[in-house]
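# Fold and contact review
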There are 2 protein chains.
Amino acid sequence: MSIARAHSNIALIKYWGKRHEVLKLPTNGSLSLTLDALYTDTRVSYRADLTQDQLVLNGAPAPEAMRLRVSRFLDLLRQTHGYSAYAEVVSANSFPTGAGLASSASAFAALTLAATAAAGLQLSPRQLSQLARQGSGSACRSIFGGFAEWLPGTADADASSYAEGLKTELPVWMAVLVLNQGHKATGSGDGMARTVATSPLYSVWPATASADLQALKAALAAGDLAAVGELMEHNALAMHATALAARPPVIYWQPETLALIQHVQQLRSAGHACWFTIDAGPNIKVLLPAGAEATLQALRSHPAVQQVFCCSTGPAAHLNPAEPLV
Amino acid sequence: MSIARAHSNIALIKYWGKRHEVLKLPTNGSLSLTLDALYTDTRVSYRADLTQDQLVLNGAPAPEAMRLRVSRFLDLLRQTHGYSAYAEVVSANSFPTGAGLASSASAFAALTLAATAAAGLQLSPRQLSQLARQGSGSACRSIFGGFAEWLPGTADADASSYAEGLKTELPVWMAVLVLNQGHKATGSGDGMARTVATSPLYSVWPATASADLQALKAALAAGDLAAVGELMEHNALAMHATALAARPPVIYWQPETLALIQHVQQLRSAGHACWFTIDAGPNIKVLLPAGAEATLQALRSHPAVQQVFCCSTGPAAHLNPAEPLV
């Protein structure tokens, strides 16, 4: 039996589009920040008495579609590492589900670490990252703490695509703003696939993201938070732009999303250092200097904001977490 | 002295980007509908006693920047056609200015017709269109009634780029919805220029717009309003998408804009035939079958809608209008 904790991550340069659906090989490299306040704890026990994998999520049996997705991922581990027992998987998030917060990254990173450890395997972070990627692409970044870069890899080579932790230590906060209108009309995987297949603007995305990634790494290395923020905003807007031009369009924004974009722009005009990013949903995430309490308060005070998770840099995925949720 | 009336037009396939700033040669062809309810009346009198051109707009002397723009355009006419007198120009719109409604198209089309007629010239619609284009690009389309296509032309050849009326007669309404939040942060010319210069997504716009234009012409010829509407929405979203990825971003939408996009999508799901388009500002224009009163009422009832101009197909620019405003 093993318990692992993995933290969510928010991409500053987005993963947007797969070049290989099954292996989840991305069309472009991406870069994220792992967050301390949002995490998943997962306990895995292999039991000879089980006739199929079991999944308990936040205290209740998981929906069958979710159980099957986890079971297929466990099949991959069993095949790769040569064992056959079914597992009891018990998982819980430190944050409310259904609030539009990405949980598959932390979930599959925690599952990868717990399931391999419970099988008696000791894998390197790179091996864990490569495996986690096949559960949910962005999970490969949640194996690492701090800033992490996901290398897109080459051709159809599974072993070539994994994340790496970056040396950079920039003292930042990421404020996750959950908006009143949290409804997500199109899932991230569906929106991504439709954009790749039908948006005439998608063809320039890989080169755009690659240029943004290189520029952002340089800005991180230079400790230039304003440049990091500007590039992060640009990359998020470019991602959503490719989705707008899909057919039918993929529009993740709600009116409240646009109101918060304007709020961040206005705060910046008023001298607050803060920059937004948006994932495949309506919520807004804001990067700001660590300790900028006044900016955080100004963000929180917008009427469209229902809930705020203010996150510092989170640690790498690890076993035997303190005060486990499972 | 001549008085001309020209009607506004709304592009179904957008003009977005110039390949020649002075001649206003566009990077892509565009296609519009001329609207009956929105028009400009302009009276031009050449007077030997004037020492510079005069401009009265909606009953008051126009701001100097506007007077200069009109005067530079009159210089072009004087140079092209060999006369020298300065003009008194009196112009008025049938719709409130400052409501975020494009007026430069109807204004420069009416000015071109009135100024050349007052000079004793009888120009063909094609000649008028070519001239009007140099006043304001989209004005070249307002010389024609109904649906009009603006041909992008070749290289730097002024004479190769003008609009043509299309034979199509599709019985439609265009409802121009003026939203509560009518503030326009970035002018259309500035947003266009910044997008061309800095958006990595702009490179695929010309080919995208060209494909949309051909498909929309085919849909018009087939009388397929649903296909026309879907292509119109796609083209508008692709245009705004290129602007989002500019640096800094060009975001014309307000939260209310997105609320109305959703409203149109929901009405369509409920069986109403209606499709939106958005120009370089926050307002929404909705294409619907002529006579669809229930749909119009449903659009009007949204709380973010301040004012609605329901337009039928408008006529070509013409002299001696009935009940002139000037």
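Within each chain, residue numbers correspond to sequence positions counted from 1 in written order. Each chain gets a letter, beginning with A, and each ligand a number, beginning with 1, in the order they are written. Reporting of local features is limited, given that this is a predicted model, to residues whose pLDDT is at least 70; pairs of side-chain atoms are given and counted only at 80 or more, and all residues count toward the totals for whole chains, interfaces and linings. Note: side-chain values were computed over all heavy atoms of the structure, leaving out hydrogens and water.

### Quick notes on the pattern of salt bridges
Heads up, the condition is: What makes a salt bridge here is a side-chain nitrogen of Lys or Arg within 4 Å of a carboxyl oxygen of Asp or Glu, nothing more. Secondary structure counts use DSSP, requiring at least four H or I residues in a row for a helix and at least two E residues in a row for a strand, with both numbered from the N terminus. Buried means the residue's accessible area, taken with a 1.4 Å probe over protein chains only, is under 20% of the maximum for its type, while exposed means over 50%, and partly exposed covers the values in between.
Using the criterion set out here, one finds 26 salt bridges over all chains in the structure. Residue Arg-78 of chain A is joined to Asp-75 of chain A by a salt bridge in which the shortest nitrogen-to-oxygen separation is 2.9 Å. Linking Arg-78 of chain A with Asp-75 of chain A, this pair stays in helix 1 (residues 64-81), spanning three residues, or about one helical turn. By relative accessible area, which is 7% here, Arg-78 of chain A ends up buried. Exposure remark for Asp-75 of chain A: the relative accessible area of 30% places this residue in the partly exposed category. Across the pair Arg-133 of chain B and Asp-158 of chain B runs a salt bridge whose closest N-O atoms are separated by 2.6 Å. In this pair, Arg-133 of chain B is assigned in helix 3 (residues 125-135) and Asp-158 of chain B in the loop between strand 8 (147-150) and strand 9 (163-165), connecting sequence segments 25 residues apart. Here Arg-133 of chain B falls in the buried class, since its relative accessible area comes to 0%. Taking the relative accessible area as the measure of exposure, Asp-158 of chain B reaches 23% and is therefore partly exposed. Taken together, the shared-partner salt bridges in this structure form one network comprising Lys-14, Asp-279 and Lys-285 of chain A.

### Quick word on the relation of the copies chain B and chain A
In this arrangement, two copies of a chain are superimposed by a rotation about an axis accompanied by a shift along the axis. Inclusion rule: Alignment of copies: least-squares fit on C-alpha atoms of residues with pLDDT of at least 70 in both copies.
Mapping chain B onto chain A calls for a rotation angle of 180° and an axial translation of 0.0 Å; the resulting RMSD is 0.0 Å. Such values leave the two copies arranged in the relation of a two-fold axis.

### Considering the interface of chain B and chain A
Often the size quoted for an interface is simply the accessible area lost on bringing the parts together. The condition that has to hold: When checking whether two residues touch, look at their non-hydrogen atoms; a contact exists if any pair is within 4.5 Å. Throughout, the accessible surface (probe 1.4 Å) given up by two parts as they are put together, summed over both, is called the buried area. Polar contact criterion, stated in full: a pair of N or O atoms within 3.5 Å, where within protein one must be able to donate a hydrogen and the other to accept it, and residues adjacent in sequence count only if both atoms are side-chain atoms. Put simply, Ala, Val, Leu, Ile, Met, Phe, Trp, Tyr, Cys and Pro go in the nonpolar bin, Asp, Glu, Lys and Arg in the charged bin, and everything else, Gly too, in the polar bin.
Every contact between the two is made by 27 residues of chain B and, on the other side, 27 residues of chain A. Taken together, the two surfaces of chain B and chain A that pack against each other cover about 2,400 Å², and 70% of this comes from carbon and sulfur. Contact with chain A buries area across many residues of chain B, yet Leu-201, Leu-244 and Arg-247 of chain B alone supply 23% of it, more than any other trio. The residue Glu-230 of chain A makes a salt bridge to Arg-247 of chain B at a minimum N-O spacing of 2.8 Å. Where chain B packs against chain A, one counts six residue pairs in polar contact (both at pLDDT 80 or more). Counting only elements with at least two residues in the side of chain B that touches chain A, the list comes to helix 5 (205-221), helix 6 (225-244) and helix 7 (255-269) of chain B. Its residues assigned to classes, the side of chain B that touches chain A comprises 17 nonpolar, seven polar and three charged.

### What to know about the pairing of strand 5 (residues 54-57) of chain B
Residue and element names in this part refer to chain B. What counts, and what does not: Between any two strands, at least two bridges found by DSSP are needed for them to pair.
Direction of pairing for strand 5 relative to strand 7 (residues 86-93): parallel, over a ladder of four bridges. Considered in strand 7, the bridge of Leu-57 is made with Ser-91. Here two bridges tie strand 5 to strand 6 (residues 60-61), and the two strands are oriented antiparallel to one another. Within strand 6, the position partnered with Leu-57 by the bridge is Ala-60. Between strand 5 and strand 6, which pair antiparallel and follow one another directly, the connecting turn spans two residues, one of which, Asn-58, has a positive phi of 50°.

### Focus: helix 8 (residues 293-300) of chain B
Residues and elements named next belong to chain B. Selection criterion: Here the arc refers to the set of directions running from the helix axis out to each C-beta atom.
Along helix 8, the positions that sit buried rather than exposed are Thr-295, Leu-296, Ala-298 and Leu-299. Around the axis of helix 8, the buried residues are gathered within 160° of arc, so they sit on the same side. What points out from helix 8, more than 90 degrees from its buried face, is the exposed set Glu-293 and Ala-294. Structurally, helix 8 contributes buried residues whose contacts are with strand 10 (172-179), helix 7, strand 12 (284-289) and strand 13 (305-311).

### As for the packing of aromatic side chains
Residues and elements named next belong to chain A. Going by this rule: Pairs were defined over the aromatic rings of Phe, Tyr and Trp, the Trp ring being its six-membered one, requiring ring centres within 6.5 Å. Orientation was assigned from the angle between planes: stacked under 30 degrees, edge-to-face over 60, tilted for the rest.
One pass over the structure, following the stated rule, counts eight aromatic pairs over all chains. A ring pair is formed by Phe-73 and Phe-108, whose centres lie 5.5 Å apart and whose planes are at 90°; its orientation type is edge-to-face. Of this pair, Phe-73 sits in helix 1 while Phe-108 sits in helix 2 (residues 104-118), and the two are 35 residues apart along the sequence.

### A few points about the packing of helix 5 (residues 205-221) of chain A against helix 6 (residues 225-244) of chain A
Residues and elements named next belong to chain A. Spelled out, the test is: Axes here refer to lines fitted to C-alpha atoms; in helices the fit is confined to the stretch in contact. Angles between the N-to-C directions go from 0 to 180 degrees. Roughly parallel here means an angle under 35 degrees, roughly antiparallel means over 145, roughly perpendicular means 65 to 115, and every remaining angle is called oblique. Helix crossings get a hand from a simple test, with the near helix turned counterclockwise from the far one by less than a right angle marking a left-handed crossing and a clockwise turn marking a right-handed one.
One can describe the packing of helix 5 onto helix 6 by two numbers: an axis separation of 9 Å at closest approach and a directional angle of 165°. As far as their axial angle goes, helix 6 and helix 5 are roughly antiparallel. Considering only the axes of helix 5 and helix 6, their crossing is left-handed. Packed against helix 5, whose contacting residues are Trp-205, Thr-208, Ala-209, Asp-212, Ala-215, Leu-216, Ala-219 and Leu-220, the element helix 6 presents Ala-227, Val-228, Leu-231, Met-232, His-234, Asn-235, Ala-238, Met-239 and Thr-242 at the interface.

### Structural notes on the domain arrangement of chain A
Residue and element names in this part refer to chain A. Threshold: Throughout the structure description, domain borders are defined by an automatic or database domain assignment.
Along its sequence, chain A is organised into domain 1 (2-169) and domain 2 (172-311). The C-alpha centroid of domain 2 is placed 23 Å from the C-alpha centroid of domain 1. Contacts between domain 1 and domain 2 engage 28 residues on the former and 36 residues on the latter. Roughly 2,700 Å² is buried in total at the junction of domain 1 and domain 2, and carbon and sulfur atoms are behind 74% of that figure. Counting the surface domain 1 buries against domain 2, the share from its top three residues, Leu-12, Lys-14 and Trp-16, is 31%. If you look at where domain 1 meets domain 2, you find two salt bridges. Residue Asp-279 is joined to Lys-14 by a salt bridge in which the shortest nitrogen-to-oxygen separation is 2.7 Å. Viewed at the interface, domain 2 and domain 1 are joined by nine residue pairs in polar contact (both at pLDDT 80 or more).

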